[in-house]
Amino acid sequence: MNGRLASNMRISRTSDVAIVGGGIVGLSTSYFLNKNGLSTVVIDPDPVGQHASGLAYGGLSALVGPGPTQYLAQEGMRIHREFSESLPVQTGTNTESRYRPSLTLVLSELDVMSSKNAMIWNNAQDGYRVEWVEPENISSIEPRITSSTFGALYTEGQADLEPYRSVLSLAQATQQNGTVSVRDRVTGLKFQNNNLIHVLTKSGPIAAKHVVLAMGPWANHASPWVGWNIPISPLKGQILRLRSPG
């Protein structure tokens, strides 16, 4: 069944790990488990890239400020660098990954000092260079930016990619590595003697030894399955994409 989509059918053998959710987190989990010799099945009711992972902005940066999340962000950037090189070679899908400088506009005088303080921390991180740009110099970098700013941070070291292509390429790689993809909706988990034996779906049970819940903003749906509240729910967001000369 390598590389094939299993729809409305049951897995004939027990997978080591069932992954609920076929977004970037679920697929990455499957990718690395396969690399370590474990069999996986990814269960999602919708096609690849139809939700948050495939419709995101696509910006990548580890500049999240000091604290525990900085290490997670740095590891995420490392994995994305690895994917940007390996996935196009393996799958032939161009993820349009690139490094590109960015301008973060300061639109309030109150934010000038906090932005300059953030610049100091950001410059101390490996792989990044950050400069303060005075308002009168912003137009020399990008003339279409409004003149009503109090300055900007110019940052080198950030990256972006095309989200749909990225998640599609990762899905192709996991299936090439042996992941079984099941198009179905999970309805619960079945345990026996505190051990998982089945992931329950609308079409029937799927046997697995372990389960990973990678449901993103829909994680709250799993609350009754695990017996405690998962305080996460989706929020509506908007992204405006413009095609303009230059």
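Look up: the structure comes first, before these words.
Below, the structure is looked at part by part. (Residues numbered from 1 in each chain as written. Predicted model: local features only at pLDDT ≥ 70, side-chain atom pairs only at ≥ 80, totals over all residues. Heavy atoms only, no water.)

Moving on: the overall build of the protein chain. When you go through the protein chain residue by residue, the secondary structure sums to 7 helices and 13 strands. Principal-axis analysis of the C-alpha atoms places the extent of the protein chain at approximately 65 × 40 × 30 Å. In the protein chain, buried positions account for 38% of the 246 residues. Accessible area for the protein chain stands at about 14400 Å²; split by element, carbon and sulfur atoms hold 54% of it. For the protein chain, the centre of its 20 positive side-chain charges and the centre of its 18 negative side-chain charges are spaced 13 Å apart. (Helix = DSSP H or I, 4+ residues; strand = E, 2+ residues; numbered from the N terminus. Buried < 20%, exposed > 50% of the residue type's maximum accessible area, 1.4 Å probe, protein only. Areas by Shrake-Rupley, 256 points an atom, 1.4 Å probe, with all protein chains shown as cover. Lys, Arg positive; Asp, Glu negative; His and termini not counted. Charge placed at Lys NZ, Arg CZ, Asp CG, Glu CD.)

It is worth spelling out the packing of aromatic side chains at this point. Per the stated rule, a full pass over the model turns up 3 aromatic pairs. Ring centres of Tyr 31 and Phe 32 lie 5.2 Å apart, and the angle between their planes is 85 degrees; this geometry places the pair in the edge-to-face category. The exposure class assigned to Tyr 31 is buried, which follows from its relative accessible area of 3%. Three or more aromatic residues link up through ring pairs in this structure, and these residues are Tyr 31, Phe 32 and Phe 83. (Phe/Tyr/Trp six-rings, centres within 6.5 Å; stacked < 30°, edge-to-face > 60°.)

Another point: helix α6 (residues 163-176). Taking 1.5 Å of rise per residue, the 14 residues of α6 would be expected to cover 20 Å, and the 20 Å separating its terminal C-alpha atoms lies within 8% of that figure. Each element contacted by the buried residues of α6 is listed here: α1 (24-35), α2 (52-55), α3 (69-91) and β10 (180-183). Sitting at the head of α6, Glu 162 places a side-chain oxygen 3.1 Å from the backbone nitrogen of Tyr 164. One or two residues past the end of α6 sits Gly 178, with phi positive at roughly 115 degrees. (Expected span 1.5 Å × (residues − 1). Contact = heavy atoms within 4.5 Å. Polar contact = N/O pair within 3.5 Å; in protein donor to acceptor, adjacent residues only side chain to side chain.)

Turning our attention to the pattern of salt bridges. For the coordinates displayed, the defined rule picks out 9 salt bridges. Asp 160 is the salt-bridge partner of Arg 100, the closest N and O atoms lying 2.8 Å from each other. Taken together, the residues Arg 100 in the loop between β5 (98-99) and β6 (102-105) and Asp 160 in strand β9 (residues 159-160) connect sequence positions 60 residues apart. For Arg 144, the salt bridge is made with Glu 142, and the minimal N-O distance between the two is 2.9 Å. Residue class for Glu 142 comes out partly exposed when judged on its relative accessible area of 22%. When salt bridges with common partners are traced through the structure, they connect Glu 75, Arg 78 and Glu 82 into a single cluster. (Salt bridge = Lys/Arg side-chain N within 4 Å of Asp/Glu carboxyl O.)

Here we take up the sheet that holds strand β4 (residues 59-60). Spatial ordering of the open sheet is given by β4-β9-β5, a layout of 3 strands whose pairing is antiparallel. Edge positions in the open sheet fall to β4 and β5, since each of these has one partner strand only. Examined bridge by bridge, β5 and β9 share 2 bridges and lie antiparallel to one another. In the sheet register, Arg 98 faces β9, and the bridge partner there is Asp 160. (Pairing = 2+ DSSP bridges.)

Of all hydrophobic cores here, the largest spans 17 residues; its most connected members are Val 41, Ile 43, Val 199 and Trp 225. Of all elements in the fold, only β2 (15-20), β3 (40-44), β10, β11 (186-192), β12 (195-201) and β13 (204-213) reach the threshold of two or more residues within this core. In contact with Trp 225, not counting residues within four places along its chain, are Val 20, Val 186, Thr 187, Gly 188, Leu 189, Phe 191, Leu 213 and Met 215. Ranked by size, the runner-up nonpolar core spans 13 residues in total, among them Leu 27, Phe 83, Leu 170 and Ala 171. (Core = buried A, V, L, I, M, F, W, Y, C linked by side-chain atoms within 4.5 Å.)

Moving on to the environment of Thr 104. Mapped onto the secondary structure, Thr 104 falls in strand β6. The class of Thr 104 is partly exposed, set by a relative accessible area of 44%. Note: C-alpha distance between Thr 104 and Trp 132 (28 residues apart in sequence) is 9.8 Å. Contacts of Thr 104, omitting those with residues within four sequence positions, involve Gly 151, Ala 152 and Leu 153.

These figures come from the coordinates and say nothing about function on their own.
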